[in-house]
Amino acid sequence: MVPAELFARVEFPDQQVLADAREYQNTLVKPAGSLSRLEDVGCFIAACQGQVPPRRLDRPRIVVFAGDHGVAARGVSAYPASVSLQMAQSMLDGGAAINVLARTAGASVRVADISLDHEATGPERVRRSCGSIDVEDAMTEEEVLQALQIGIQIADQEIDSGADILIPGDLGIGNTTPAAALIGTFTLAEPVVVVGRGTGIDDEGWKRKVTAVRDAMFRVRTLRQDPIAVARMISSPDLTAMAAFIAQAAVRRTPVLLDGAVVTSAALLANKLAPGARRWFIAGHRSPEPAHPIALDALGLTPLLDLGMRLGEGSGAVAALPLVKTAVDLMIDMSTMNDAGVEAPGADESADGASAADVPADPTV
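Along each chain, residue indices are assigned from 1 in the same order as the chain's sequence is written. Only residues with pLDDT of at least 70 are given local features in this predicted model, and only at 80 or more are side-chain atom pairs given and counted; all residues enter the totals for whole chains, interfaces and linings. Side-chain measures were taken over the full set of non-hydrogen atoms in the model, leaving aside hydrogen atoms and water.

1. Some details on the packing of aromatic side chains
Ring geometry is summarised as follows: Phe, Tyr and Trp rings, the Trp one being its six-membered ring, pair when their centres sit within 6.5 Å, and such pairs are stacked at plane angles under 30 degrees, edge-to-face over 60 and tilted between the two. A full pass over the atoms with the stated rule returns 1 aromatic pair. Seen from the ring of Phe218, Arg221 lies directly overhead, with NZ or CZ sitting 3.8 Å from the centre. Counted as over-ring charges are cases with an Arg CZ or a Lys NZ within 6 Å of the ring centre that also lie within 35 degrees of the ring normal.

2. Things to note about the pattern of salt bridges
A side-chain nitrogen of Lys or Arg and a carboxyl oxygen of Asp or Glu constitute a salt bridge if their distance falls within 4 Å. All chains considered together, the criterion is met by 20 salt bridges. Across the salt bridge formed by Asp137 and Arg219, the nearest N and O atoms sit 2.4 Å from each other. In this pair, Asp137 is assigned in the loop between strand E2 (108–115) and helix H5 (141–160) and Arg219 in helix H8 (residues 203–219), connecting sequence segments 82 residues apart. For every residue, the accessible area (1.4 Å probe, protein chains only) is compared with the maximum for its type, and the residue is labelled buried under 20%, exposed over 50%, or partly exposed between those bounds. Its relative accessible area of 23% is what places Arg219 among the partly exposed residues. The closest approach of N and O atoms between Arg252 and Asp160, which form a salt bridge, is 2.7 Å. On the criterion of sequence distance, the pair formed by Arg252 in the loop between helix H10 (237–251) and strand E4 (256–258) and Asp160 in helix H5 is long-range, its members being 92 residues apart. Take Asp160: its relative accessible area is 57%, and that puts it in the exposed class. Secondary structure follows DSSP: runs of H or I at least 4 residues long count as helices, runs of E at least 2 residues long count as strands, and numbering of each begins at the N terminus.

3. Focus: the UniProt feature "active site" (unreviewed entry) in the protein chain
UniProt positions are given in the numbering used here, feature names are shortened, and annotations may be inferred rather than shown by experiment. On the UniProt side, "active site" (unreviewed entry) is annotated at positions that read Glu313 here. Here Glu313 lies in the loop between helix H12 (291–299) and helix H13 (315–333). Leave out the neighbours within four places in its chain, and Glu313 touches Ile62, Val64, Met87, Met91, Ala96, Ala97, Ile98, Gly169, Asp170 and Asp259. It only takes one pair of heavy atoms within 4.5 Å for two residues to be counted as in contact.

4. Brief notes about the pairing of E2
Burial analysis of E2 places 6 of its 8 residues in the buried class, which makes it a mostly covered element. When DSSP finds at least two bridges between two strands, those strands are taken to pair. Here strand E1 (residues 60–67) pairs with E2 via 7 bridges, running parallel. Bridge pairing in E2 places Ala66 opposite Asp113.

5. Points about the pairing of E1
Among the 8 residues in E1, 8 count as buried, and that is most of the element. Burial along E1 is two-sided: Pro60, Ile62, Val64 and Ala66 facing one way and Arg61, Val63, Phe65 and Gly67 facing the other are all buried.

6. A word on the environment of Ala107
Within the element layout of this structure, Ala107 appears in the loop between helix H4 (97–105) and E2. The exposure class assigned to Ala107 is buried, which follows from its relative accessible area of 15%. Taking the C-alpha atoms as reference points, Ala107 and Ala163, separated by 56 residues in sequence, lie 9.8 Å from one another. If we ignore the near neighbours within four places in the chain, the residues touching Ala107 are Pro60, Ile62, Ala102 and Leu321.

Quick look at the structure:
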């Protein structure tokens, strides 16, 4: 079970502010509901911030949680584990895809080396790689608690330094295997349903991956109500730290823009660690990984983009970040009908001649 002192109670975004934001949207110079999801997102950010219109999102922060995975030795990835370190260095040098996307979207990138497979020390390190989850625990009890504390600490550091929206990213060869195992465990989906091609494995690699996920899920089949035990046994230090980061963001009333299957598996774990955390999530995109829509459905989220992206790193979420920022800017910068001298429609009319009753009363982000 989750230690009571680990996460404070999650409060929901302000529902009265959400209602006020919807009313405010209907005063802007546009037919009511005509901007659809952009209106929903703007209202959601207003509710998170507790004000209408919301403040601009000036400090988006991406944190990439990096770690290697013992299960990669089972041949579940098309790339060797050594690629993780090379990609981490590329991010630190500013040359990875996430760096380019971040610069375009006006965000900054932090790389947290939680458990990459090399000798290193530091306040964010848990261990070197982790156990192969199909046959052994990913971490010890001490290590899983350490990973949780590191994730909490990173979230607090970013929020205390002014981050107004957080974007977790992932880095590590083989990480879609523990992600699939977590999603299968928490949603009761079968291994063959949640296992995808990851980095582009062939049929034999896919079979090996299904076997590894099946065996991992079997090991925790009676522990679904104990998220820390599940994390210790079949996740990894980097995924556990990421889950704690996401959970603590919700505790700190900070919205989280989610990426693909790996990040969303950590979000599922976060919602178990801190019940209600999902109320602070926006789904940035839909990944081709089959586990991803299953996890999104479990969290009640509809993604903003569906571009077939499967890189990870937080890339799909950052691709959606300009839409989130635009949704906020529209509420700040658009004129009201009154200010613009625009005659409002009749009370029984809405966009495209629809009645007001046709406009969704409770749109979801």
